[in-house]
Amino acid sequence: MNEKRAELRAKAMRLPLLPGVYIMKNKQNEIIYIGKAKALKNRVSQYFGSPNGHTIKVRKMVENMDHFDYIVTDSEFEALVLECSLIKQHMPKYNILLKDDKGYSYIRVAGDKYKTITAVLQKYDDGAEYIGPYTSSYAVKQSVDAANKIFMLPQCGKTFDGKITRSRPCLNYYIHQCCGVCTGKVKQKEYAERVEEALRFLKGDTREILRSMEAQMQQAAEDMDFERAATLRDRIRAIQRMQDKQKVVFKSVEEQDVFSIAESENTVCLAVLRFSDGRLFDSEHFFFDKTESTQSMMSSAISSYYSMQRNIPRRVTVDGGVEGQADLERWLSEKKGKKVVIVCPKRGEQLEVVHMCRENAQEKLALKLGKTGKSVAVLEELRDLLGLERTPNYIESYDISHTAGQDSVAGMVVFQDGKPLKSAYKRFKIQSFTGNDDYRAMHEVLERRFAEYEKCKDSGEGFGRLPDLILLDGGIGQVHAVMPVLQAHGLQVPLFGMVKDNKHRTRAIACNGGEIEIQSKRRVFTLISDIQEEVHRFSVAYHHSKHAKRSLALTLTEIDGIGENKAKALLKHFKTLTAIRSASVEELCKAEGIQRKTAEKIYAYYHQEDE
């Protein structure tokens with residue numbers, strides 16, 4: 001621990017055990033992070049302890065931090081409200097800030113007598129009315145296009161506030177997508193009603209609009225105004241056709257937003273699906289750096305999202321839970337003015353909606369990282385099955401191989417993003433003992449591996465990188481043999497064993513609490529089986545190589561004057577017995593430790609039949 005970190009930790013340990021907000025700043029006194037805490041002392045001091053459990057981004061943030069301030073609040077809820085307010089005001093570098101490539105969008109209503117409705121990306125001080133902002137420019141454009149077509153408002157770009165000069169109408173008039181203001185036949189009052197209904201439609205008041213229009217249609221029919229009744233009928237049908245194109249997902253909840261997070265090593269994708277009247281009407285996604293646990297990131301993402309959203313639904317559905325749920329519900333309820341609930345469904349059609357949102361997040365993340373949605377999905381499924389805090393994007397697996405205790409070796413394979421990373425494979429020769437003891441051998445290998453980590457952890461590469469998950473080829477015995485190694489080094493790396501059946505096939509995952517059955521989880525089962533087969537293949541191949549060299553060395557020691565060390569030197573230099581047989585005396589002398597007299601004995605041994 002460097003002097004600055006020790007100083008900050010000492011200051012953090014003097015903080016009160018009270019709720020509040022902490023503000024981290026750099027040397028230029030700029031705010032780089034704002035967070036809330038149930039107990040300030042416990043939360044802030046975690047940043048300055050061991051960095052092993054921190055993400056790369058958090059480590060970088062701590063390195064850039066020079067000092068911090070804090071504000072004590074009366075409750076966790078007040079801390080949440082203050083945190084949201086300060087983040088919105090200062091936009092700190094290391095906080096979750098939901099930004100995507102689309103920017104904000106607005107609905108622009110311009111004009112006086114004959115108003116027009118358009119979708120724009122910026123808000124100007126031009127006297128027009130702006131509705132928004134909205135985060136999804138695609139949804140705004142689609143909605144405005146639909147409203148203009150349904151209510152037959154002009155889309156040609158002309159203005160009609162002055163005296164309307166009759167002119168030849170454009171194509172939209174003839175295909176019944178414009179009422180034809182330019183013809184001079186549309187009364188101002190009738191046009192204003194169209195605009196008012198279109199704006200109500202854009203604000204999501206579809207059900208009430210349909211009721212009102214149906215009542216007007218009935219009244220027009222009773223008044224024998226069949227032309228107006230037909231116009232209203234066509235509008236009603238246009239709205240209904242548009243709704244029929246939208247996917248009906250469920251009927252039990254009319255309005256809700258669904259949130260799901262997909263994680264990679266350092267990148268997170270938040271997907272948001274928005275539903276109204278049981279239909280999906282908008283979809284958004286955001287990317288940000290991984291900083292904390294999934295539930296904590298979900299809490300920060302929701303508060304950030306609704307800080308820039310006016311429309312808050314009565315129901316917010318989350319995938320996997322959210323930290324500080326009660327306080328977040330209260331904050332959302334106060335912003336909306338009505339009760340808002342956060343739910344995490346476990347079954348039924350609501351769970352299907354969550355799965356759909358999760359798949360969207362996984363596909364978007366996979367596309368950004370150049371992966372496949374399946375690889376992201378299986379790792380997240382493995383995370384949930386094993387109860388891990390983070391997605392295991394970097395997995396190390398170990399296996400021991402020997403022949404009756406002879407030539408005992410170990411192999412380490414690495415799977416990154418669900419695929420073998422062969423450049424990171426490592427081989428170990430068991431050094432501390434000889435004999436048949438897989439537990440002791442596994443303990444030695446992991447001890448050497450994490451001893452190397454202590455030496456090069458600052459590099460973050462090779463042995464200097466901690467895995468997200470360790471899988472041992474074996475059962476609970478191997479897990480118990482290795483657990484003391486992690487504890488001795490103060491590491492909290494998830495550790496499990498891969499259990500085989502009597503036919504040497506993967507059956508379950510072993511942990512301290514027993515075994516976790518995986519055969520019903522097809523994708524996880526396939527991944528674990530692939531890892532187990534690969535680490536077994538790699539360790540056995542190394543063992544065969546060592547055993548073959550040992551056999552060759554034993555053959556060479558039959559020659560007078562050749563011991564084990566000279567035999568190894570010859571094999572190292574010539575690689576094979578065939579090459580040694582074919583070598584001349586002068587060539588044999590080039591091997592390390594081989595004098596001419598010894599070389600002549602070797603040559604004579606292999607050429608005595610020829611003589």
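As shown above, the structure is provided for reference.
First things first, this report covers the structure right here in the doc. These numbers come from a predicted model, not from an experiment.

1. Observations regarding the packing of helix α4 (residues 76–90) against helix α11 (residues 325–336)
Part 1 of the argument: The contact between α4 and α11 brings their axes to 9 Å, and the two run at 60 degrees. Looking at the two axes, α4 sits oblique to α11. For α4 against α11, the interelement crossing comes out right-handed. For the pair formed by α4 and α11, the contact residues are Glu 76, Phe 77, Leu 80, Val 81 and Cys 84 on the first element and Asp 327, Leu 328, Arg 330, Trp 331 and Glu 334 on the second.
Part 2 of the argument: Residue composition of the contact of α4 with α11, by class: six nonpolar, no polar and four charged.

2. A short note on the sheet that holds strand β2 (residues 31–37)
Part 1 of the argument: Reading across from one edge, β2-β1-β3 is the order of the three strands in this open sheet, with antiparallel pairing throughout. The sheet is open, and its two edges are formed by β2 and β3 (67–72), each paired on a single side. Going across the sheet, the axis of each strand differs from the next one's by a mean of 20 degrees, ignoring polarity.
Part 2 of the argument: Relative to β3, strand β1 (residues 20–25) is paired through six bridges, and the arrangement is antiparallel. Bridge pairing in β3 links Gly 20 to Val 72.
Part 3 of the argument: Sheet contacts for α4: β1, β2 and β3; angle to β2, the most-contacted strand, approximately 165 degrees.

3. Things to note about the pattern of salt bridges
Part 1 of the argument: Tallied over the entire structure, the rule returns 21 salt bridges.
Part 2 of the argument: Note that Glu 263 and Arg 383 form a salt bridge whose closest N and O atoms lie 3.2 Å from each other. In this pair, Glu 263 is assigned in strand β7 (residues 255–263) and Arg 383 in helix α13 (residues 373–386), connecting sequence segments 120 residues apart. Here Glu 263 matches Arg 383 in class, with each residue buried.
Part 3 of the argument: Of the charged contacts, one joins Arg 596 and Glu 586 as a salt bridge, the two residues approaching to 3.4 Å between their closest N and O atoms. With Arg 596 in helix α20 (residues 596–607) and Glu 586 in helix α19 (residues 585–588), this residue pair connects regions lying ten residues apart in the sequence.
Part 4 of the argument: Here Glu 586 falls in the partly exposed class, since its relative accessible area comes to 46%.
Part 5 of the argument: Among the charged side chains, a network of salt bridges with common partners joins Lys 4, Glu 7 and Asp 66.

4. Observations concerning the environment of Val 81
Part 1 of the argument: Relative to the elements of secondary structure, Val 81 occurs in helix α4.
Part 2 of the argument: With 60 residues separating them along the chain, Val 81 and Val 21 place their C-alpha atoms 9.8 Å apart.

5. Quick word on the packing of helix α10 (residues 294–307) against α11
Part 1 of the argument: Relative to each other, α10 and α11 sit at 5 degrees, their axes nearing to 11 Å. With respect to α11, the element α10 is oriented roughly parallel. Counted together, Ser 299, Ile 302, Ser 303, Tyr 306 and Ser 307 of α10 and Leu 328, Trp 331, Leu 332 and Lys 335 of α11 form the full contact between these two elements.
Part 2 of the argument: Its residues assigned to classes, the contact of α10 with α11 comprises five nonpolar, three polar and one charged.

6. Some points on the sheet that holds strand β9 (residues 279–289)
Part 1 of the argument: Taken together, the five strands give an open sheet; going across it, the order is β9-β8-β7-β10-β11, and neighbouring strands pair in mixed fashion. Pairing within the sheet leaves two strands with one partner each, and these edge strands are β9 and β11 (341–343). Here the strands of the sheet are splayed against their neighbours by 20 degrees on average, with no regard to which way each runs.
Part 2 of the argument: Relative to strand β8 (residues 267–276), β7 runs antiparallel, the two being bridged by nine bridges. The partner of Ile 261 across the bridge, within β8, is Leu 270.

7. A look at the packing of aromatic side chains
Part 1 of the argument: The full count for this structure, using the stated rule, is 13 aromatic pairs.
Part 2 of the argument: For the pair Tyr 305 and Tyr 306, a centre-to-centre distance of 5.1 Å together with 80 degrees between the ring planes defines the contact as edge-to-face. Each member of the pair, Tyr 305 together with Tyr 306, is buried.
Part 3 of the argument: Taken together, the ring pairs connect Tyr 22, Tyr 33, Tyr 47, Phe 48 and Phe 68 into an aromatic cluster.
Part 4 of the argument: Its end group placed over the ring of Phe 463, Lys 426 keeps NZ or CZ at 5.3 Å from the ring centre.

8. Some remarks on the nonpolar core
Part 1 of the argument: Residues Ile 117, Tyr 191, Phe 201 and Leu 202 are the most contacted members of the largest nonpolar core, which totals 30 residues.
Part 2 of the argument: Sorting the residues of this core by element identifies β4 (105–110), α5 (137–150), α7 (188–202), α8 (206–222) and α9 (226–245) as the ones contributing at least two each.
Part 3 of the argument: For Ile 117, the residues in contact, after removing those within four places along its chain, are Ile 107, Arg 108, Val 144, Asn 148, Leu 153, Val 195, Ala 198, Leu 199 and Leu 202.

9. Points about the side chain of Glu 329
Part 1 of the argument: The topology assignment puts Glu 329 in helix α11.
Part 2 of the argument: As a buried residue without a salt bridge, Glu 329 has its nearest oppositely charged side chain in Lys 339, at a separation of 5.5 Å.
Part 3 of the argument: Setting aside residues up to four positions removed in sequence, Glu 329 forms contacts with Val 340, Val 341 and Ile 342.

Cut-off values and rules
Residues numbered from 1 in each chain as written. Predicted model: local features only at pLDDT ≥ 70, side-chain atom pairs only at ≥ 80, totals over all residues. Heavy atoms only, no water. Axes fitted to C-alpha atoms, helices over the stretch in contact; angles between N-to-C directions. Helix = DSSP H or I, 4+ residues; strand = E, 2+ residues; numbered from the N terminus. Parallel < 35°, antiparallel > 145°, perpendicular 65-115°, else oblique. Left-handed = near helix turned anticlockwise from the far one by under 90°. Contact = heavy atoms within 4.5 Å. Nonpolar A, V, L, I, M, F, W, Y, C, P; charged D, E, K, R; others polar. Pairing = 2+ DSSP bridges. Salt bridge = Lys/Arg side-chain N within 4 Å of Asp/Glu carboxyl O. Buried < 20%, exposed > 50% of the residue type's maximum accessible area, 1.4 Å probe, protein only. Phe/Tyr/Trp six-rings, centres within 6.5 Å; stacked < 30°, edge-to-face > 60°. Lys NZ or Arg CZ within 6 Å of the ring centre and 35° of its normal. Core = buried A, V, L, I, M, F, W, Y, C linked by side-chain atoms within 4.5 Å. Lys, Arg positive; Asp, Glu negative; His and termini not counted.

Take it as geometry only, folks, not as evidence of what the structure does.
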